[in-house]
Amino acid sequence: MDTIVEASVLVTCPARNFVTLKITTADGVVGWGDATLNGRELAVAAYLRDHVAPLLIGRDPARIEDMWNYLFRGVYWRRGPITMTAVAAVDMALWDIKGKVAGLPVYQLLGGAARDGVRVYTHASGADVPSLLEDVARAKERGFTAIRAQAAVPGVEGTYGVKHGAYYEPANAALPEEQAWDTPAYLRFAPTYLAKVREEFGFDFALLHDVHHRLTPQEAARFGRSVEDLDLFWMEDPTPADNQESFRLIRSHTTTPIATGEVLSSIWDVQHLVSEQLIDYIRLSVTHSGGISHLKKVFALAELYQVRSGSHGPSDISPIGQAAAVHLDMAIANFGIQEFMGYPDLVDEVFHGGPTYADGYLHVGEESGLGIEYDEQAAARFDYTARYLPVARRLDGSVHDW
Ligand code: CS2
Ligand code: MG
């Protein structure tokens, strides 16, 4: 039996922070896991380094389900993004090792290809409508058949989702930037710019929009109704999912498809949403919800209720997490779509390999394991840089969901 002899936590910042777990076995096999949680990277790194890594030494890397339960049930305090991101990193690394030992890509270990490729959507945004339309045009030129559209709301400084430069990175300051939020202004403006996208580009591509937890259920129902003729692929995070039952009000008023889940981290956080068919797409990410093993169970539950996957895949999930997501996307029956923003070039200096993009799809390679290698020497060149996600405040100064 092979055993784990080393588990090390690597923090690097090529353009943005990433946390990576490296597990090494006595047979010299190395597995990599993504442990990046935007704005809370050091919390996960500490949890892994101080409370998980010492427990891994001497254990059998082949016993993935046992390890998952050991780290989920065996620690007593359970669930939540910090814990589930740490568990995810171990899970991904062990699947990477299992694939390397078997000489197979991970998707083959999950049941093989259920599709020829993984359809992806990317982001388009603009500080005003003309720049949004230009960004949508660029995404279409790159072959994307599914595009998320976000524009700044006039008069609302710092509207969510508008990139500054080539990539959208919301963790933009050493302390949380405070951004204004004005729901009535958003409700008046967002449907108009989404309509302009349809007017300019028609209906032959999937148009997505991220509400980003900003509305009450009633406001979200109103928003969903207002864009029904725009045939959105989904409206995302229309309202916070802390109260899963609140989605029923939205569901009862609009046929606009609903996606949620990226800030959730376990099957129990979405069980009611899925089993009551209150949503159409589930957005948990491999990196923040316990890894491949747990997310495969979430998608299996979702399949019973005709809910499809729509995994979160921003640039603040590392290429390792993105690769793990694509391996899982390849193997499940109820795949919906995969988010794919791409990464700044600097990231390629640390993370080598991974799925390749072509004509609106990601194609996972045939390399064994997850297919990503991590350059520790390159990573050591990029020190952690404190970056926080913004905080939203309403016009009266009270805190709103960001
Ligand atoms: C967004 C993310 O991609 C999305 O759907 O919700 O950009 C999210 O804001 C970031 O991942 C937060 O770090
Ligand atoms: Mg989102």
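Residues numbered from 1 in each chain as written. Chains lettered and ligands numbered in written order. Predicted model: local features only at pLDDT ≥ 70, side-chain atom pairs only at ≥ 80, totals over all residues. Heavy atoms only, no water.

What about the sheet that holds strand β6 (residues 178-181)?
The condition is simple: If DSSP finds at least two bridges between two strands, the strands pair. Strands are runs of DSSP state E lasting at least two residues, helices are runs of H or I lasting at least four, and both sets are numbered from the N terminus onward.
Within the open sheet, the 3 strands sit side by side as β6-β17-β18. Their pairing is mixed. Bordering the open sheet on either side are β6 and β18 (399-400), each of which pairs with just one other strand. Bridge count for strand β17 (residues 391-394) against β18 is 2 bridges, and the pairing is antiparallel. Bridge assignment links A392 to a residue of β18, and that residue is H400.

So, the domain arrangement of the protein
To keep it simple, the criterion reads: What marks off one domain from the next here is an automatic or database domain assignment. It only takes one pair of heavy atoms within 4.5 Å for two residues to be counted as in contact. Salt bridges are defined by distance alone: a side-chain nitrogen of Lys or Arg within 4 Å of a carboxyl oxygen of Asp or Glu. In protein, a polar contact requires one atom able to donate a hydrogen and another able to accept it; more generally it is a pair of N or O atoms within 3.5 Å, and residues adjacent in sequence count only if both atoms are side-chain atoms.
What the domain assignment lists for the protein is domain 1 (4-104) and domain 2 (109-368). In this structure, domain 1 and domain 2 have C-alpha centres spaced 26 Å apart. On the domain 2 side, the residues contacting the 34 residues of domain 1 number 35 residues. Inspection of the domain 1/domain 2 interface yields 3 salt bridges. The partner of E65 in a salt bridge is K297, with the nearest N and O atoms 2.6 Å apart. Our count for the contact surface shared by domain 1 and domain 2 stands at 13 residue pairs in polar contact (both at pLDDT 80 or more).

Side note on the nonpolar core
Definition in use: Definition used in this section: a nonpolar core is a set of buried Ala, Val, Leu, Ile, Met, Phe, Trp, Tyr and Cys residues joined via side-chain atoms within 4.5 Å. Exposure categories follow from relative accessible area, calculated using a 1.4 Å probe and restricted to protein chains: below 20% of the type maximum is buried, above 50% is exposed, and the middle band is partly exposed.
Counting residues in each nonpolar core, the largest one holds 123 residues, and the members touching the most others are I23, L48, V90, F223 and I282. The residue makeup of this core includes at least three contributed by each of domain 1 (4-104) and domain 2 (109-368). Beyond its immediate stretch of four places on either side in the chain, V90 contacts L21, I23, L48, V52, L56, M67 and L71. One finds A146, A206, W234 and I337 within the second-largest nonpolar core, a separate group that totals 9 residues.

As for the coordination of the magnesium ion (ligand 2)
In an ideal octahedron of six donors the angles at the metal are 90 or 180 degrees, and in an ideal tetrahedron of four donors they are 109.5 degrees. The cut-off we apply is this: Only nitrogen, oxygen and sulfur atoms qualify as donors, provided they sit within 2.8 Å of the metal or within 3.2 Å for Na, K and Ca; with water excluded from the atoms, sites may seem incomplete.
Within the protein, D210 (OD), E236 (OE) and E262 (OE) serve as the donor atoms for the magnesium ion (ligand 2), at 1.9 to 2.2 Å. Donor residues for the magnesium ion (ligand 2), ordered by position in the chain, follow D-x25-E-x25-E. Taken as a pair, E236 in strand β8 (residues 234-236) and E262 in the loop between β9 (258-260) and α9 (271-275) lie far apart in primary sequence, 26 residues in all. For the pair formed by E236 and E262, the shared burial category is buried.

Considering the site of ligand 1
Counted only if it meets this: For each residue, the test is whether any non-hydrogen atom lies within 4 Å of the molecule or strand; if one does, the residue is near. Areas reported here follow the Shrake-Rupley algorithm with a probe of radius 1.4 Å; residue values treat only the protein chains shown as occluding. The classification used treats Ala, Val, Leu, Ile, Met, Phe, Trp, Tyr, Cys and Pro as nonpolar, Asp, Glu, Lys and Arg as charged, and all other residues, Gly among them, as polar.
Ligand 1 sits among 16 residues. The nearest are N38, H212, E236, E262 and E339. Between R148 and ligand 1, the recorded distance is 3.4 Å, taken from a side-chain N or O atom to an oxygen atom. Within the side chain of Y160, one N or O atom sits 3.4 Å away from an oxygen atom of ligand 1. In isolation ligand 1 exposes 340 Å². Once the protein is present, 95% of that is buried. Of the residues in the shell around ligand 1, the class split is 5 nonpolar, 4 polar and 7 charged.

A word on the side chain of R148
Looking at the secondary structure, you find R148 in strand β5 (residues 146-151). Look at R148 and you get buried, because its relative accessible area is 1%. A distance of 3.2 Å separates a polar atom in the side chain of R148 from a polar atom in the side chain of H123. Separated by 2.8 Å, the side chains of R148 and Y160 make a polar contact. Other than its neighbours up to four places away in sequence, R148 contacts Y121, T122, H123, A124, Y160, G161, Y168, L208, H209 and D210.

Here's the deal with the pattern of salt bridges
According to the stated counting rule, one finds 20 salt bridges in the structure shown. Note that R79 is salt-bridged to D269, the shortest N-O span being 2.5 Å. Of the two residues, R79 sits in the loop between α2 (64-72) and α3 (81-102) while D269 sits in the loop between β9 and α9, which places them 190 residues apart along the sequence. Exposure remark for D269: the relative accessible area of 16% places this residue in the buried category. Where D204 meets K140, a salt bridge forms, and the shortest distance between an N and an O atom there is 3.5 Å. With D204 in the loop between α6 (183-201) and β7 (206-210) and K140 in helix α5 (residues 129-141), this residue pair connects regions lying 64 residues apart in the sequence. Judged by relative accessible area, which is 65%, D204 ranks as exposed. For K140, a relative accessible area of 26% puts it in the partly exposed group.

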